[in-house]
Amino acid sequence: MSAPLFNALLELADDHLILGHRVSEWCGHAPLLEEDLAMPNMALDMIGAARSLYTYAGEIEGEGRDEDQLAYLRYDREYKNCLLVERPNEDFAHTMLKQLYFAAFMHPYWEAALQSNDETVRGIAGKSVKEVAYHIRHAGEWVVRLGDGTEESAKRMQDAVTELHPYVEELFHMSADAQAAADKGALPDREAMRTQWTNSISNVFDQAKLTMPEVEYPQLGGRTGHHGEEMGHLLSELQYMQRAYPNMSW
Amino acid sequence: MYSQGLIGADGATEETEEFLAKFQARIDREEKIEPNDAMPNGYRKTLVRQIGQHAHSEIVGMLPEGNWITRAPSLRRKAALLAKVQDEGGHGLYLYSAAETLGVTREQMTEELLSGKAKYSSIFNYPTPTWADIGTIGWLVDGAAIMNQIPLCRCSYGPYARAMIRVCKEESFHQRQGYEILISLCNGTEEQKQMAQDSINRWWWPALMMFGPHDAESSHSEQSMKWKIKRFSNDELRQKFIDATVPQAEYLGLTVPDPDLKWNPDKNDGKGGYDHGEIDWDEFWRVVKGHGKMNRDRIKDRKKAWDDGAWVREAALAHAEKRAARQTQHAAE
């Protein structure tokens, strides 16, 4: 059991770290000052969740790896995040849509995780479910504003939908490890979030006047470490200090 | 920083002697001046300029530290740095709001920053090439800012004074956090110690410059002291900062890059203090006038964020108008 749960926790931790890292790239460069305050908040929530998840994964693994060793000292192919979260920020429309897609998945996921038979998972879920409810509200309001704003913002928002929708399917995919963790009652079944995700997004899209596209060929592979080219650049920044100055305390 | 905020400030007033005397009497009674109170035009202008420059310093100050968010060496440091830079943005927001109470909009102030008309603290025109700079900025730059800002909690203008109380609490936390980064480095490997020493070598003098020119050259300080916008002179604050900071450097085992620095038991009315070498004022004025290493990059970055974000702000406005129009229509039906 410990290996599947370790890997399934890493999937979750990597999702949070990588998306948190992407959002943090905005800090100091946001379109308005209020967003320069809001985006670091969301990044902090996600990095906070990642820290708890890595720490617990390290305990489960039992080989003495701490949050930083797991976050910083793996090779590209060992990261298990879904492809959606590693997508570049592009513009504010992409960034908010990515956040909404992820949060709309994580909210029912953490709600279900409140029933986990694993006490630590329940603890992390209890904190995260509140944070992610706020992310849905914040990102969702922006998607509505931009979708139903100006001609330019509507176009940018619909372009973001077209670009990011192929990465949605992977949110619901169950790796063998995630399945094993779900079968034991430690983590929820990702597939079970589909209806709630679709309802949340449809509700926002109706107000935002956006169309939900049909995706013929979903993009998959993140859970098995098959990432896009952008991921390597993200990791080279993320890991820079740990790689350039190995075995030091900061 | 606020001393630099006074460079070139024109406190000229055209009010009657009687009006000015009444206003001065309020100041002398330590009454707080509030947004709707009558005030000399020069007082208003000086504050708009100073609070605006202070706000811009917070906003531009997000950039050199933000430079390390994606490369922070541990998750704990990454989270702390994100929170810190977010705090600086928050300070910018309070300060813009405080300035708005004097009749100037955030948009106007932003345009003045981007056009180069308004200044910000010269310290942020220095680069942050290493992680140690994140520690040094917290320790020295926020440390110097606190020295400047604690007296501003008693500034005669109410909204500014109240904003500064919260700002100072957060800055004090930042200063300790920066110092703690340096403790980790100085307790670490030889490479880490060298990184810390290199950083203090680069930041020490620019941090001293944050207090502004010598009192004799600070042309508008006198009026600001009289109005109790400013409570201590530039040189007094600089000396307090040096006296407080040198022992902290010694504790870290770092060398302050000033060969003329030495303890003088007679200084500060016999309480003792440090004599120090002369600041390179040519460098100071060069950086203030826009020729520091990062001046152009900082404004370019701020301008890019503002320009790239224009469509977002326009969309938010358009959406709010559409929503209001729909509500009016619903109400009419």
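Residues numbered from 1 in each chain as written. Chains lettered and ligands numbered in written order. Predicted model: local features only at pLDDT ≥ 70, side-chain atom pairs only at ≥ 80, totals over all residues. Heavy atoms only, no water.

Looking up chain B in an unreviewed UniProt entry gives the name Ring-1,2-phenylacetyl-CoA epoxidase subunit PaaA, with the organism given as Maritalea mobilis.

The name recorded for chain A in an unreviewed UniProt entry is Ring-1,2-phenylacetyl-CoA epoxidase subunit PaaC, from Maritalea mobilis.

## With respect to the overall build of chain B
Applicable threshold: Put simply, DSSP marks the helices as runs of H or I at least four residues long and the strands as runs of E at least two long, and each gets a number from the N terminus on. Only protein chains enter the accessibility calculation, which uses a 1.4 Å probe; a residue whose area is less than 20% of its type maximum is buried, one above 50% is exposed, and one in between is partly exposed. We call two residues contacting when some pair of their heavy atoms lies within 4.5 Å. Where accessible areas are quoted, they stem from the Shrake-Rupley method and a 1.4 Å probe; at the residue level, only the protein chains shown are allowed to cover. Asp and Glu are treated as the negative residues and Lys and Arg as the positive ones, with His and the ends of the chain left uncounted. A charged residue contributes its charge at one atom only: NZ of Lys, CZ of Arg, CG of Asp or CD of Glu.
When helices and strands are tallied, chain B shows 13 helices and two strands. Structurally, chain B occupies a C-alpha span of about 75 × 55 × 30 Å along its principal axes. The buried share among the 333 residues of chain B stands at 56%. Taking contacts inside chain B between residues at least 6 apart in sequence as the whole, the part at least 24 apart equals 79%. Summing over all exposed atoms, chain B offers an accessible surface of approximately 14400 Å²; the carbon and sulfur share of this is 52%. Chain B carries 44 positive and 49 negative side-chain charges, and their two centres are separated by 4 Å.

## So, the overall build of chain A
Definition in use: Within these notes, the globule rule equals 2.2 Å times the number of residues to the 0.38 power, and the radius of gyration is based on C-alpha atoms.
Secondary structure assignment for chain A yields 12 helices and zero strands. Ordered by position from N to C terminus, the α and β elements of chain A give α-α-α-α-α-α-α-α-α-α-α-α. Rg of the C-alpha trace for chain A: 18 Å, near the compact-globule value of 18 Å for 250 residues, within the 12% margin. Along the three orthogonal principal directions, the C-alpha set of chain A runs to about 55 × 40 × 35 Å. The buried share among the 250 residues of chain A stands at 59%. Taking as baseline every contact in chain A between residues at least 6 positions apart, the subset at least 24 positions apart corresponds to 79%. Per element, the accessible surface of chain A, about 9900 Å² overall, is 48% carbon and sulfur. A distance of 2 Å separates the average location of the 21 positive side-chain charges in chain A from that of its 41 negative side-chain charges.

## Some thoughts on empty space enclosed by the protein
Worth spelling out the cut-off: With a 1 Å grid spanning the protein atoms alone, the term cavity applies to any set of points in which a 1.4 Å probe fits but cannot get out, the term pocket to an open set with protein on both sides within 12 Å along at least five of seven lines, and the term lining residue to any residue with an atom within 4 Å of a point. Grid points are joined across faces, edges and corners, and a volume is the space filled by probe spheres set on the points. Note that Gly is not counted as nonpolar here; it falls among the polar residues with everything else outside the nonpolar set of Ala, Val, Leu, Ile, Met, Phe, Trp, Tyr, Cys and Pro and the charged set of Asp, Glu, Lys and Arg.
Tallying each qualifying case throughout the model produces four cavities of 30 Å³ or more. Taken as a whole, the largest cavity encloses approximately 90 Å³ of empty space. In terms of lining, the largest cavity is formed by 15 residues, of which the most central are B:Glu58, B:Glu88, B:Phe124, B:Asp142 and B:Glu171. At the level of secondary structure, the elements contributing two or more residues to the lining of the largest cavity comprise helix 3 (41–66) and helix 6 (132–149) of chain B. A class-by-class count of the residues in the lining of the largest cavity yields six nonpolar, four polar and five charged. Each pocket or cavity is described by its volume, and for the second largest cavity that value is around 80 Å³. In terms of lining, the second largest cavity is formed by A:His16, A:Asp45, A:Met46, A:Ala49, A:Gln99, A:Phe102, A:Ala103, A:Trp110, A:Ser128, A:Glu131, A:Val132 and A:His135. Broken down by secondary-structure element, the contributors of at least two residues to the lining of the second largest cavity are helix 2 (33–61), helix 5 (92–113) and helix 6 (119–147) of chain A. For the lining of the second largest cavity, the per-class residue count stands at six nonpolar, four polar and two charged.

## Side note on the packing of helix 5 (residues 106–115) of chain B against helix 12 (residues 295–308) of chain B
Residues and elements named next belong to chain B. The criterion, for reference: Geometry is summarised by axes, namely lines fitted to C-alpha atoms with helices restricted to the contacting stretch, and by angles between N-to-C directions that run from 0 to 180 degrees. An angle below 35 degrees is treated as roughly parallel, one above 145 as roughly antiparallel, one from 65 to 115 as roughly perpendicular, and anything else as oblique. In this scheme the handedness of a crossing depends on how the near helix is turned from the far one: anticlockwise by less than a right angle means left-handed, clockwise means right-handed.
Helix 12 packs onto helix 5 with a crossing angle of 135° between their chain directions and a minimal axis gap of 9 Å. The orientation of helix 5 with respect to helix 12, classified from their angle, is oblique. Along this stretch, helix 5 crosses helix 12, giving a crossing that reads as left-handed. Listed contacts from helix 12 to Thr110, Leu113 and Leu114 of helix 5 are Ile299, Arg302, Lys303 and Trp306. When the residues that make up the contact of helix 5 with helix 12 are grouped by side-chain class, the tally is four nonpolar, one polar and two charged.

## Concerning the environment of B:Ile165
Structurally, B:Ile165 is set in helix 7 (residues 158–186). On the basis of relative accessibility, which here comes to 41%, the residue B:Ile165 falls in the partly exposed class.

## Looking at a negative patch on the surface
Stated formally: The patches reported here contain residues having more than 30% relative accessible area and no salt bridge. Joining distances are 9 Å for like charges and 5 Å for nonpolar side chains (Val, Leu, Ile, Met, Phe, Trp, Tyr). Any Lys or Arg side-chain nitrogen located within 4 Å of an Asp or Glu carboxyl oxygen qualifies as a salt bridge.
A grouping of A:Glu90, A:Glu163, A:Glu229 and A:Glu230 is seen on the molecular surface, where their side chains present a negatively charged patch. Here A:Glu163 lies in helix 7 (residues 151–164).

## Overview of the interface of chain B and chain A
Our working definition: Each polar contact in these results corresponds to two N or O atoms within 3.5 Å; when the atoms are within protein, one needs to be able to donate a hydrogen and the other to accept it, and residues that are neighboring in sequence are counted only if both atoms are side-chain atoms.
Each partner contributes residues to the interface: chain B has 48 residues there, and chain A has 49 residues. Inspection of the region where chain B meets chain A yields three salt bridges. Ionic pairing is found between A:Asp148 and B:Lys322, a salt bridge with its closest N-O pair at 3.0 Å. At the junction of chain B with chain A, the criterion picks out 18 residue pairs in polar contact (both at pLDDT 80 or more).

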